[in-house]
Amino acid sequence: MAERADVVVIGGGVVGVSAAHALAERGIRAQLLERGEICSGCSHGNAGWVFPSHALPIPGPGVLRQALGWLLDPDGPLYIRPRASLSLARWLWSFLGACNRAAERRAFALRRELSLASLVRYRELAELPGLEFDFEQRGILLVCRSRAELAEAEREIGILREFGGEARRLDANELRERVPACAEDLAGGVHFSADAHLTPQRFVHGLASEAQRLGVRLRTGTEVLRLERSGARLRLATTRGEIEAEQVVVATGAWSPELAGQLGLRVPVEGAKGYSVTRERPTDFPEQPLLLAEAKVAITPMGRTLRFGGTLELAGRDLGVSWRRLRAILRAVSEYLPGLPETPTLEIWRGLRPLTPDDLPIIGRSRRQPGVVLATGHGMNGLAQGPITGQLVAQLVAGEPTSLDLGPFSPDRF
Ligand SMILES: Cc1cc2nc3c(=O)[nH]c(=O)nc-3n(C[C@H](O)[C@H](O)[C@H](O)COP(=O)(O)OP(=O)(O)OC[C@H]3O[C@@H](n4cnc5c(N)ncnc54)[C@H](O)[C@@H]3O)c2cc1C
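Residues numbered from 1 in each chain as written. Predicted model: local features only at pLDDT ≥ 70, side-chain atom pairs only at ≥ 80, totals over all residues. Heavy atoms only, no water.

Draft legend 1. Focus on the overall build of the protein chain. When helices and strands are counted, the protein chain shows 10 helices and 19 strands. Relative to the compact-globule value of 22 Å for 414 residues, the protein chain shows a C-alpha radius of gyration of 21 Å, a close match. C-alpha atoms of the protein chain, sized along the principal axes, occupy 70 × 45 × 40 Å. Buried positions account for 57% of the 414 residues belonging to the protein chain. (Helix = DSSP H or I, 4+ residues; strand = E, 2+ residues; numbered from the N terminus. Rg over C-alpha atoms; globule rule 2.2 N^0.38 Å. Buried < 20%, exposed > 50% of the residue type's maximum accessible area, 1.4 Å probe, protein only.)

Draft legend 2. Summary view of the packing of helix α4 (residues 101-126) against helix α10 (residues 382-398). Where α4 contacts α10, the axes come no closer than 7 Å and their chain directions differ by 80°. Judged by the angle between their axes, α4 and α10 are roughly perpendicular. Residue-level contacts link R111, L114, S115, A117, S118, R121 and Y122 of α4 to L383, A384, Q385, G386, P387, I388, Q391 and L392 of α10. Residue classes in the contact of α4 with α10 are distributed as 8 nonpolar, 5 polar and 2 charged. (Axes fitted to C-alpha atoms, helices over the stretch in contact; angles between N-to-C directions. Parallel < 35°, antiparallel > 145°, perpendicular 65-115°, else oblique. Contact = heavy atoms within 4.5 Å. Nonpolar A, V, L, I, M, F, W, Y, C, P; charged D, E, K, R; others polar.)

Draft legend 3. Region of interest: the site of the ligand. The ligand sits among 39 residues. The nearest are E34, S43, G379, M380 and A384. For the ligand, an oxygen atom lies 3.3 Å from a polar atom in the backbone of V14. At 3.1 Å, a backbone N or O of R35 approaches a nitrogen atom of the ligand. Residues that form the shell around the ligand fall into these classes: 18 nonpolar, 17 polar and 4 charged. (Near = heavy atom within 4 Å. Polar contact = N/O pair within 3.5 Å; in protein donor to acceptor, adjacent residues only side chain to side chain.)

Draft legend 4. Geometry of the packing of aromatic side chains. Within this structure, the stated rule accounts for 8 aromatic pairs. Put simply, the rings of Y122, F133, F135 and F203 pair up and form one aromatic cluster. Its end group placed over the ring of W255, R35 keeps NZ or CZ at 4.5 Å from the ring centre. The residue whose ring lies beneath R145 is Y336, and the NZ or CZ to ring-centre distance is 5.4 Å. (Phe/Tyr/Trp six-rings, centres within 6.5 Å; stacked < 30°, edge-to-face > 60°. Lys NZ or Arg CZ within 6 Å of the ring centre and 35° of its normal.)

Draft legend 5. Structural context of the nonpolar core. Residues L23, Y122, L142, F203, V249, V393 and V397 are the most contacted members of the largest nonpolar core, which totals 69 residues. Listed in part, the 25 residues of the second largest apolar core include C182, Y275, F308 and V333. (Core = buried A, V, L, I, M, F, W, Y, C linked by side-chain atoms within 4.5 Å.)

Draft legend 6. Highlighting the side chain of T222. Tracing the sequence through the fold places T222 in the loop between β9 (217-219) and β10 (224-230). On the accessibility criterion, T222 (2% relative accessible area) is buried. A polar side-chain atom of T222 sits 3.1 Å from the main-chain carbonyl oxygen of T220. Every residue in contact with T222, bar those within four places of it in the chain, is listed here: L33, E34, R35, T238, T239 and R240.

Draft legend 7. Focus on a nonpolar patch on the surface. A contiguous nonpolar surface patch, about 360 Å² in accessible area, is contributed by L64, W93 and L96. We classify L96 as partly exposed; its relative accessible area is 36%. (Patch = residues over 30% accessible without salt bridge, like charges linked within 9 Å, V, L, I, M, F, W, Y side chains within 5 Å. Areas by Shrake-Rupley, 256 points an atom, 1.4 Å probe, with all protein chains shown as cover. Salt bridge = Lys/Arg side-chain N within 4 Å of Asp/Glu carboxyl O.)

Draft legend 8. Expanded view of unusual backbone geometry. The backbone of C39 sits at a positive phi, close to 60°, despite the residue not being glycine. Of note, C39 is situated in the loop between β2 (30-33) and β3 (49-50). Phi angles above zero are rare outside glycine, and T311 is one such case at about 65°.

Draft legend 9. Focus on helix α5 (residues 147-162). End to end, α5 covers 23 Å across 16 residues, agreeing with the expected 22 Å (1.5 Å per residue, within 8%). Those residues of α5 that sit buried are L150, A153, E156, I157, I159 and L160. Contacts made by the buried residues of α5 are with α4, β5 (140-144), β6 (168-171) and β7 (188-192). Directly after α5, the chain includes G164, whose backbone phi takes a positive value near 85°. (Expected span 1.5 Å × (residues − 1).)

Quick look at the structure:
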């Protein structure tokens with residue numbers, strides 16, 4: 001006999017946990033199924049940024065020029081490992097279709113809107129007693145080595161201003177005043193003052209406990225093996241028995257295509273692997289995160305630790321560690337910040353960002369499977385957009401009007 005449930009959320013990352021929490025806040029008691037531990041996927045070791053200012057999507061007008069380099073340079077910040085895969089070929093085709101100015105501006109506006117809405121939610125959650133996640137809103141410093149990169153930053157600032165955001169150029173001296181460990185030969189930087197950062201794994205674990213307190217049943221070590229329709233309900237075959245649910249939320253990050261595919265839904269999400277190295281924090285490291293512009297490496301102070309994260313590699317679901325790419329992150333850190341002392345390493349981590357070809361998340365119901373809500377494909381922004389995604393999912397499940405238009409995020413857009 002299958003167990004009966006009203007709502008089942010699959011995936012215990014920032015998106016699934018935010019959805020389960022938002023459901024519980026509405027009095028809807030969900031079960032959350034996670035095959036590993038809570039926050040054991042991509043939500044664990046990321047850079048912890050909530051960055052509405054920095055909303056340019058990966059596909060953009062200059063990308064076509066760079067694309068060949070990505071295929072050929074395994075050390076570069078973005079690398080596509082060549083492999084024969086029909087789904088990758090289709091994904092790349094759609095990605096190229098989004099590499100134009102109009103799509104870039106549209107995506108910028110939408111990504112910014114999601115991150116701004118999440119920021120409001122993060123501020124509210126940071127006030128909850130007992131939920132502590134090192135939330136700080138001090139902005140982010142972009143650090144550029146070359147004049148060309150500063151010019152590119154200028155273009156981004158122009159777009160940001162059109163959408164009501166603010167950023168301030170810093171010359172090399174101002175930059176060194178703020179970050180004394182910086183190299184002598186840097187071109188300058190930009191301070192994006194509205195952005196925030198936090199410790200992601202603290203947030204997700206804390207929110208999961210809060211959701212549990214509100215009535216969510218957290219079932220870790222429970223993998224969904226099969227998802228299929230059973231009349232008006234959905235049947236989940238899990239490693240811990242069968243469940244029949246009225247509504248299912250698929251929040252399985254980079255692993256979403258398989259589960260959704262079992263229901264006949266095409267979810268073009270590629271795993272975009274990235275790494276982070278967490279070290280003890282040197283005493284004089286500033287309170288602000290840094291983005292090393294050309295190398296695309298993020299450095300985030302998180303309590304007593306300092307995390308270096310970066311690289312993006314389209315390599316399927318492979319979680320193997322490329323030491324070459326990992327070393328490229330640390331090499332960039334020592335080139336931009338030669339004055340930063342090397343402190344003991346606490347963790348080396350890698351994760352798969354769930355990336356869609358237009359770099360917009362998939363949030364909503366498909367016309368073809370009305371009992372299923374998809375919440376995936378957040379790419380580089382899952383932490384930044386997780387809380388608002390949770391709200392939107394809960395509104396859909398509860399049959400309420402959604403607080404943002406979900407048309408641009410529809411699963412049926414591909
Ligand atoms: C180096 C790096 C830095 C990053 N920095 C940032 C940042 O600063 N800001 C930001 O916003 N984003 C950042 N990201 C991206 C962010 O980490 C992701 O977008 C986000 O974690 C995705 O969350 P998720 O809940 O969708 O997926 P996940 O956290 O991967 O969660 C999905 C969960 O589903 C579970 N699961 C999968 N299949 C099943 C199944 N069949 N049954 C049960 N459970 C299943 C998995 O075990 C996993 O726990 C970064 C990513 C990387 C790699």
